[in-house]
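Below are the chains, spelled out letter by letter.
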Amino acid sequence: MSLKNILENWSQYRRGHEQGGHHEYEHMWGMAIDLNKCIGCNACSVACYAENNLAIVGKHRYSKSQAMHWMRIERYWDEPELEKAGLVTKGKTIETGASFLPMLCQQCNAATCEPVCPVAATYHTPDGLNAQVYNRCIGSRYCSNNCPYRLRYFNFWSYYEDSWPEPLHMQLNPDLSVRDKGVMEKCTFCVQRIRVAKDEAKMADRKVIDGEFQTSCQQSCPTDAIVFGDMLDPQSRVTKLWKTHQVELGKSKQSKQNPDKRGYRVLEGLNTDPCIMYLERVREV
Amino acid sequence: MQTKDINEEIKWAQINKDVLRSMENPRKAYWVAVGMCLAMLACAVVAEIYQYRTGMGVADLNWPNMWGLYIATFIFWIGMSHSGTLLSAILHIIHADWRKPIYRFAEAMTTFSLMTAGLFPVIHLGRMWNMYWVLPYVSDRGIWPNFRSPLVWDAFAIFTYLTSSALFLFIGMIPDLAICRDNARGWRKKLYTVLSLGWAGTDRQWRHFRKTYLLMACFLIPLAVSVHSIVSSDFAMSIMPGWHVTTFPPYFVAGALYSGCAAIITLFIILRYFFRFEEYMTIPIMEKTCKLTFAIAMVWTYLNLIEFASTWYGHDLVAKEVLVDKFVGHWAPYFWAMLFFGSVLPFTLAFEKLRRHLPTMFVVSLFLNVGMWLERWMIVGPTLSMAYQPFAWNFEYPSMVQWAIVFGSFGWFGLLFLVFVKIFPSVSMYEVKEMVYHRRRAHVEDQAVAFHRRAGDGQPVTDTP
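Keep in mind that this is a model prediction, so the values were computed, not measured. (Residues numbered from 1 in each chain as written. Chains lettered and ligands numbered in written order. Predicted model: local features only at pLDDT ≥ 70, side-chain atom pairs only at ≥ 80, totals over all residues. Heavy atoms only, no water.)

A.B. asks: So what exactly am I meant to see when it comes to the overall build of chain A here?
C.D. replies: The number of helices and strands found in chain A is 11 helices and 10 strands. When burial is assessed residue by residue, chain A has 53% of its 285 residues classed as buried. By sequence separation, contacts in chain A at least 24 residues apart represent 64% of the contacts at least 6 residues apart. Accessible surface, chain A: about 13900 Å² in total, of which carbon and sulfur atoms supply 53%. (Helix = DSSP H or I, 4+ residues; strand = E, 2+ residues; numbered from the N terminus. Buried < 20%, exposed > 50% of the residue type's maximum accessible area, 1.4 Å probe, protein only. Contact = heavy atoms within 4.5 Å. Areas by Shrake-Rupley, 256 points an atom, 1.4 Å probe, with all protein chains shown as cover.)

Now the structure itself:
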């Protein structure tokens, strides 16, 4: 690597995560969430609690905002439009008419949480996942502070006894750990299921088939709003959806040919390059 | 009105006597202060044990306010450590000799506030028993810390700064420790004998000493600037609105010097009063410190205005939202208090009458530091509570555990300082003598003439024919 080489091929060396970086990805797990289909039933959130051994923090701690929902349904009221339609008076919160935004870790390819962790407890896997290593985490919480989506949750307490008193501890998912106090956690795209699927595919000497397994939120969604799959597989449902809606990875601004296509990524202008595409809700008002 | 920095007629034996006297026979007030500091420290220790056993939840930190008072207070203490270096290194290099009677305790303050600051990142960790993972040690598993993380830079910067400033404090004290050794008995004699490293005051020793001291001073200045720049990069390197600010490094350094100078004024007055150091910590020196503080306060104010303007005209909507929230939202009372204590109150330092009035200055300097603590809280708090995702907008109300630990950190600092002033000379004896010597030569005409003669000059240089 001579200096001349560096100077002449500078653009090559400047490749960040968003251009594929230095990773040779085996898979790139991605998602598409159709907000038109989302009815805000919170089944995904509940399924996530069951699948991922999320602590049930209780009313008191929830009100202190110490909840651990990896998958959360955000509710927004588009007030100006609702006002115009005479459905709401200004400044008054109503129970109906909300738009829902299911938020789970966006598995950013250029994740802002990764470079700031002092002990590299969060890093990028060859699966395109943003992994969190609980055993390595020392709980500096810098990752959460640098996550623009605020999708990281911290174990403020030791929840084991409170959350799963006997015999409820029998319902814990044995495929993954129960986190103790002082570590950060977040959505993993059900990495335990990915592991099983990959192992089975390897044993059968084949590739992972699209739709072979589902994440628990996808599985529980009654309206099939969530589509999950491998973005490197050109035949997968999720790849096709992204293509249809003209959303591409590695861009901070999408160059859409057709502006009517509903796909977008949350806060992609920050160049975090998230792996989840949302399909905008079309309102009738 | 006293205008001289120091009385040139003061005898050198008197200087020794006065300083050595301050190190012996603690009075009742001293023990009361020690008791108070211990009690404060006990509060923090109890709170910390509770937090350690139960989890960070007892601090009432929440999602997304993950940092809270701990990190704010961490920056506060790091900041306070900077003025010691300012006095002992920067003013040394630019030959401002008025620093000489007051730099020793300022340098001690540097070391002790760093020792306090260093505790906070550890306290705030969720699993503090694994804190050593941020250090690059050789492990079987071949795991290293993440060198891209500003927190790792922090760890390096603080350790380096703590080591160097403690060394600098010690090196600058060697001639004084020799004086102590010559006048002490019992365990003190043993201690000072070891610490003074066989100082005999020979020419050769002085020559080496001067070189080492100057070298350390030159080393420490860029280090001090870089330390707080690195602390600021904890914030500036992130992408959050209100943190991702290019002016943060100079802003933090200015804020650091500011709060440090204010703390010097506070300790100046306390030491002057309790140790009866009126001869050394004189009003003119106080005035000079106040002027310095005022200048730094204005730099800080200016950098504040720059930050507001660049956020406003930069028109990043999210950053603007956070800024507006600081001015008129939830944080407004604290924010306006910070601006008042930080930018308006220092104007009291511009008036000679007030500057020379110690009780006023004592109160003012304390409030300046309240302002500077609020500044750090206003850096950490608002951005966490309001960032990109509106759903995650949330406030935090720190619990008694957090307050107890913050409160106790002052006790810990005070305790270290109290121990220091009774074991080590808090006024630099040899440097005060130097100062007196130079002033005397400038003061007495014959000596001044002689002083300006160089070896080999035939006749004294005078204007009169």
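Here the narrative resumes, following the displayed structure.
A.B. asks: Would you mind showing me how to read the pattern of salt bridges here?
C.D. replies: Overall, the coordinates contain 26 salt bridges over all chains when judged by the stated rule. Notably, a salt bridge pairs A:Asp127 with A:Lys198, separated by 2.9 Å at the nearest N-O pair. Remark: A:Lys198 occurs in helix α9 (residues 191–203) and A:Asp127 occurs in the loop between β4 (122–124) and β5 (130–132); sequence separation between them is 71 residues. The exposure class of A:Asp127 is buried, given its relative accessible area of 5%. Close ionic contact of B:Arg99 with B:Glu431 constitutes a salt bridge, the shortest N to O distance being 2.9 Å. Taken together, the residues span a long stretch of sequence, with B:Arg99 in the loop between α4 (82–93) and α5 (103–117) and B:Glu431 in helix α17 (residues 429–443) at a distance of 332 residues. Through salt bridges with shared partners, a single ionic network connects B:Asp5, B:Asp97, B:Lys288 and B:Arg439. (Salt bridge = Lys/Arg side-chain N within 4 Å of Asp/Glu carboxyl O.)

A.B. asks: Please explain the state of the cysteines as it appears in this structure.
C.D. replies: Defined simply, a disulfide is a covalent bond joining two cysteines at their sulfur atoms. Summed over the entire model, instances satisfying the criterion amount to zero disulfides over all chains. We note that A:Cys143 lacks a disulfide partner, and the nearest cysteine sulfur, in A:Cys113, lies 6.3 Å from it. (Disulfide = S-S within 2.5 Å.)

A.B. asks: When you look at a nonpolar patch on the surface in this model, what are you seeing that I'm missing?
C.D. replies: A cluster of nonpolar side chains, namely B:Val138, B:Trp144, B:Phe147 and B:Phe156, defines an oily patch on the protein surface of about 430 Å² accessible area. Relative to the helices and strands, B:Phe147 is located in the loop between α6 (119–123) and α7 (150–183). (Patch = residues over 30% accessible without salt bridge, like charges linked within 9 Å, V, L, I, M, F, W, Y side chains within 5 Å.)

A.B. asks: What should I look at first to understand the pairing of strand β3 (residues 99–103) of chain A in this one?
C.D. replies: Looking along a regular strand, one sees side chains alternate from face to face of the sheet. All names here are of chain A. When you tally the buried positions in β3, you get five out of five residues, the bulk of the element. Of the two faces of β3, the one lined by Ser 99, Leu 101 and Met 103 and the one lined by Phe 100 and Pro 102 are each fully buried. Looking at chain direction, strand β2 (residues 72–76) and β3 are connected through five bridges and run antiparallel. By the bridge assignment for β3, Arg 75 is matched with Phe 100. (Pairing = 2+ DSSP bridges.)

A.B. asks: I would appreciate a short explanation of helix α12 (residues 317–328) of chain B in the present structure.
C.D. replies: Residue pairs spaced three or four apart in an α-helix point in one direction, given the helix's 3.6 residues per turn. If you check α12(B), its first and last C-alpha atoms are 16 Å apart, about what 12 residues at 1.5 Å a residue would give, namely 16 Å. Buried within α12(B) we find B:Ala319, B:Lys320, B:Val322, B:Leu323, B:Asp325 and B:Lys326. (Expected span 1.5 Å × (residues − 1).)

A.B. asks: What is the right way to read the packing of helix α11 (residues 283–314) of chain B against helix α15 (residues 358–385) of chain B from this model?
C.D. replies: How two helices sit against one another is set out by the angle between their axes and by the gap between those axes. All names here are of chain B. At their nearest, the axes of α11 and α15 sit 13 Å apart, and the two run at 25° to each other. Classified by the interaxial angle, the pair formed by α11 and α15 is roughly parallel. Helix-helix and strand crossings are classified by hand; for α11 and α15 the assignment is left-handed. Packed against α11, whose contacting residues are Ile 283, Met 286, Cys 290, Thr 293 and Trp 300, the element α15 presents Leu 358, Met 361, Leu 368, Met 372 and Glu 375 at the interface. Split by residue class, the contact of α11 with α15 holds eight nonpolar, one polar and one charged. (Axes fitted to C-alpha atoms, helices over the stretch in contact; angles between N-to-C directions. Parallel < 35°, antiparallel > 145°, perpendicular 65-115°, else oblique. Left-handed = near helix turned anticlockwise from the far one by under 90°. Nonpolar A, V, L, I, M, F, W, Y, C, P; charged D, E, K, R; others polar.)

A.B. asks: It is not clear to me how unusual backbone geometry should be interpreted in this structure. Could you clarify?
C.D. replies: Glycine aside, a negative phi is what most residues show, and trans is what most peptide bonds show. Of note, the bond from A:Glu166 into A:Pro167 is cis; its omega dihedral lies within 30 degrees of zero at 5°. One can find A:Pro167 in the loop between α8 (160–163) and β7 (184–185). A positive phi angle is found at B:His95, which is not glycine, with a value near 60°. In this structure B:His95 comes out as exposed when scored by relative accessible area, which is 71%.

A.B. asks: Would you explain the nonpolar core in this entry?
C.D. replies: The tendency in soluble globular proteins is for nonpolar side chains to be buried side by side. Formed by 210 residues in total, the largest nonpolar core has its most connected members in A:Met31, A:Leu104, A:Phe189, A:Tyr278, B:Trp67, B:Phe105 and B:Phe235. Filtering out sequence-adjacent residues up to four positions away, A:Phe189 remains in contact with A:Trp29, A:Gly30, A:Met31, A:Leu104, A:Cys105, A:Gln107, A:Leu129, A:Ile194, A:Thr215, A:Phe228 and A:Ile276. Counting residues in hydrophobic clusters, the runner-up holds 11 residues, among them A:Trp242, A:Cys275, A:Met277 and A:Leu279. (Core = buried A, V, L, I, M, F, W, Y, C linked by side-chain atoms within 4.5 Å.)

A.B. asks: Explanation requested: the packing of aromatic side chains in the structure shown.
C.D. replies: Scanning the model with the defined rule gives 54 aromatic pairs over all chains in all. Centroid distance B:Trp331 to B:Tyr334: 6.2 Å. Interplanar angle 55°. Geometry classified as tilted. On the accessibility criterion, B:Trp331 (3% relative accessible area) is buried. Taking the relative accessible area as the measure of exposure, B:Tyr334 reaches 37% and is therefore partly exposed. The ring of A:Phe154 is capped by A:Arg141, whose NZ or CZ atom sits 4.9 Å from the centre of that ring. The lysine or arginine in question, B:Lys422, covers the ring of B:Tyr30, its NZ or CZ lying 5.5 Å from the ring centre. (Phe/Tyr/Trp six-rings, centres within 6.5 Å; stacked < 30°, edge-to-face > 60°. Lys NZ or Arg CZ within 6 Å of the ring centre and 35° of its normal.)

A.B. asks: What exactly am I supposed to notice about the interface of chain B and chain A here?
C.D. replies: A common measure of how large an interface is: the accessible area buried when the components associate. Taken together, the contact pairs 47 residues of chain B with 47 residues of chain A. Both sides together, the interface formed by chain B and chain A hides about 3800 Å², and carbon and sulfur atoms give 58% of it. It is B:Trp63, B:Met66 and B:Gln389 in chain B that bury the most area against chain A; as a group they hold 18% of the surface buried on that side. The interface formed by chain B and chain A holds one salt bridge in total. When the shortest N-O distance is used, the salt bridge between B:Asp60 and A:Lys64 registers 2.7 Å. At the junction of chain B with chain A, the criterion picks out 32 residue pairs in polar contact (both at pLDDT 80 or more). At the level of elements, α2 (28–54), α7, α9 (203–236) and α15 of chain B are the ones that each hand at least two residues to the side of chain B that touches chain A. (Buried area = accessible area lost by both parts, 1.4 Å probe. Polar contact = N/O pair within 3.5 Å; in protein donor to acceptor, adjacent residues only side chain to side chain.)

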